[in-house]
Amino acid sequence: MRLLQLKLHWQILIALLFALPAGLLSGRDGGLFGVTFYAVFDFVGTLFLNALKMLIVPLIMASIISGIAGIGSSSALGRLGGRTLLYYLSTSLLAILVGLVLVNLIAPGIVNGEPAQQRLGLAVDNHDVMDKVSGHGAGDVVGVFLRMVPVNIVAAAADGQMLGLIFFSLLYGYFMTRIGTAYAEVQYNFWHGVFKVMMLITEWVIRFAPFGVFALVARVVADTGFAAFAPLAWFFLTVLSALAVHFFVVLPLLLRLIGRVHPWRHYKAMAPALLTAFSTASSSATLPLTLECVEKNAGVSNRTSSFVLPLGATVNMDGTALYECVAAMFIAQAYGLELGFAVQFTIVTLALLTSIGVAGVPAASLVAIAIILGSIGLPLEGIAMILAVDRVLDMCRTAVNVYSDSCGAVVIARLEGEEGILQEKTAA
Ligand code: ASP
């Protein structure tokens, strides 16, 4: 079949384009022989997501443990860790600042000089979400860091508490090299073997990505339609333009100036992962593809990517941090809150801290936004204002999250002296 000869990212892109009319035409109720298309989209999309999620726990553990053990000396590990954290914190902060500037300039929460709360109303009444986000305040930030050290790693893995799992794996990998060579070698071979098996399964699952992406996007389109966007158009545009500045200007500049690589080649190399991030709205679920693209297409070593990427999928969320800031500012504007330096500083700090703890799953930032609203004294109902467009923005911010992780891998690999990254022959 001709279609199968197309490169994967083209297949995914075509699937995505077809998903728009499919979702719009079918809506929630269209169907054949008593089966709605929506149910089919839901089934296929969930199957694909499940297959990706199934890989995450063994992939994170095996990748971090074998990655750390393979780094060797603790000074090399310290240097890599330091660079990684510095990259993550600074890019998240840059993203928040881009969002802050645009939300102040565009002021989407103010219409004709008036706070827009009345006009927007609390148009969407979604009890599920409100139940999920209620009862959160600034104290939750401490909870995020408490969960980093899990009481029970099996429970942490089962509950998707990736931070806890990552922390344990980091320790395990580090101390694995401190036992006698005979034991260390067996363990290294085992974990590296698990990692290789996981990557092979990933390659196999990825072949179904065009179908999964089609189903997931068609389901979102069928659910959302276009009507929801009108009242929130300015908010939507503010988030989108801020994400675009970060994605097309800030991150490529870092690639160019610090990584000294060709940014355009990196977009090409990462295309399958970016499109999957967009469709799944989950950076955790996309991690297998991110690893695959960064290693195979961009040519970053396994040593760097197996440390930087799993960590980044949980800790580094530029798009999320930016969104939290813009959303909190928008809601504050809409409620007519005086937005002085102190309030804006609180929003920026909390957006940075909570984005570290936010899980890489769909709609995870809503809880973080609830924490921010609670600490600047706004009612949680404010979140209801943005729900109608949250999913589509979630798709966009997740792509930015994944892209920033991948740029981190490239930049750090270059700082570590790696050659041959994003050469013409390695780019997909
Ligand atoms: N969906 C995002 C992610 O997985 C998290 C969020 O912003 O809600 O990266």
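Residues numbered from 1 in each chain as written. Predicted model: local features only at pLDDT ≥ 70, side-chain atom pairs only at ≥ 80, totals over all residues. Heavy atoms only, no water.

## Some points on the environment of Ala215
- Relative to the assigned elements, Ala215 resides in helix α11 (residues 209-224).
- You can call Ala215 buried: its relative accessible area is 3%.
- In sequence terms Ala215 and Ala39 are 176 residues apart; their C-alpha atoms lie 9.8 Å from each other. (Helix = DSSP H or I, 4+ residues; strand = E, 2+ residues; numbered from the N terminus. Buried < 20%, exposed > 50% of the residue type's maximum accessible area, 1.4 Å probe, protein only.)

## Let's talk about the pattern of salt bridges
- This model, assessed by the stated rule, comprises nine salt bridges.
- Note that Asp42 and Arg219 form a salt bridge whose closest N and O atoms lie 2.6 Å from each other. Placement of the pair is Asp42 in helix α3 (residues 37-71) and Arg219 in helix α11, with a sequence separation of 177 residues.
- In this structure Arg219 comes out as buried when scored by relative accessible area, which is 16%.
- Between Arg303 and Glu416 there is a salt bridge, with its nearest N and O atoms 3.2 Å apart. Highlighted residues: Arg303 in helix α15 (residues 302-315) and Glu416 in the segment after α19 (382-415), separated in sequence by 113 residues.
- A residue is classified by how much of its surface remains accessible, and Arg303, at 28% relative accessible area, is partly exposed.
- We classify Glu416 as buried; its relative accessible area is 17%. (Salt bridge = Lys/Arg side-chain N within 4 Å of Asp/Glu carboxyl O.)

## A closer look at the side chain of Ser404
- In this fold, Ser404 is placed in helix α19.
- Its relative accessible area of 0% is what places Ser404 among the buried residues.
- Contact partners of Ser404, with chain neighbours within four places excluded, come to Tyr87, Thr91, Leu251, Asn316 and Asp318. (Contact = heavy atoms within 4.5 Å.)

## Side note on the packing of helix α17 (residues 341-357) against helix α18 (residues 365-375)
- Remark: α17 packs on α18, axes separated minimally by 10 Å, with the N-to-C direction vectors making an angle of 150 degrees. In terms of orientation, α17 and α18 fall into the roughly antiparallel class. As for the relative orientation of α17 and α18, their crossing is right-handed in sense. Contacts between α17 and α18 involve Ile347, Leu350, Ala351 and Thr354 from the former and Ala368, Ile371, Ile372 and Ser375 from the latter.
- Class assignment for the residues of the contact of α17 with α18 results in six nonpolar, two polar and no charged. (Axes fitted to C-alpha atoms, helices over the stretch in contact; angles between N-to-C directions. Parallel < 35°, antiparallel > 145°, perpendicular 65-115°, else oblique. Left-handed = near helix turned anticlockwise from the far one by under 90°. Nonpolar A, V, L, I, M, F, W, Y, C, P; charged D, E, K, R; others polar.)

## Overview of the environment of Gly193
- Among the structural elements, Gly193 can be located in helix α10 (residues 181-206).
- Note: C-alpha distance between Gly193 and Ser66 (127 residues apart in sequence) is 9.1 Å.

## Some words on the packing of aromatic side chains
- Going through the model one piece at a time under the given rule, you end up with 16 aromatic pairs.
- Taken together, a centroid distance of 5.3 Å and an interplanar angle of 40 degrees make the contact between Phe247 and Tyr267 tilted. With Phe247 in helix α12 (residues 233-257) and Tyr267 in helix α13 (residues 263-280), the pair connects residues that are 20 residues apart, well separated along the chain. Neither residue differs from the other here; Phe247 and Tyr267 are each classed as buried.
- With centroids separated by 5.9 Å and ring planes inclined at 45 degrees, the aromatic side chains of Phe248 and Tyr267 adopt a geometry described as tilted. With a gap of 19 residues between them, Phe248 in helix α12 and Tyr267 in helix α13 connect regions that are remote in the sequence.
- Residue classification places Tyr267 among the buried residues on the basis of a relative accessible area of 13%.
- By the ring-pair criterion, three or more aromatic residues cluster together here, those being Phe247, Phe248, Trp264, Tyr267 and Tyr403.
- Across from the ring centre of Tyr174, 4.3 Å away, lies the NZ or CZ of Arg178, which sits over that ring.
- Cation over ring: Arg397 sits above Tyr323, and NZ or CZ is 4.0 Å from the ring centre. (Phe/Tyr/Trp six-rings, centres within 6.5 Å; stacked < 30°, edge-to-face > 60°. Lys NZ or Arg CZ within 6 Å of the ring centre and 35° of its normal.)

## Description of the site of the ligand
- If you check the shell around the ligand, you find 16 residues, and the closest are Ser283, Thr320, Ser365, Asp394 and Arg397.
- Within the contact set of the ligand, a nitrogen atom lies 3.0 Å away from a backbone nitrogen or oxygen of Val361.
- Contacts to the ligand include Thr398, whose side-chain N or O atom sits 3.2 Å from a nitrogen atom.
- With the chains in place, 100% of the 270 Å² that the ligand exposes on its own is no longer accessible.
- With four residues, α19 is the largest single contributor of residues to the shell around the ligand. (Near = heavy atom within 4 Å. Polar contact = N/O pair within 3.5 Å; in protein donor to acceptor, adjacent residues only side chain to side chain. Areas by Shrake-Rupley, 256 points an atom, 1.4 Å probe, with all protein chains shown as cover.)

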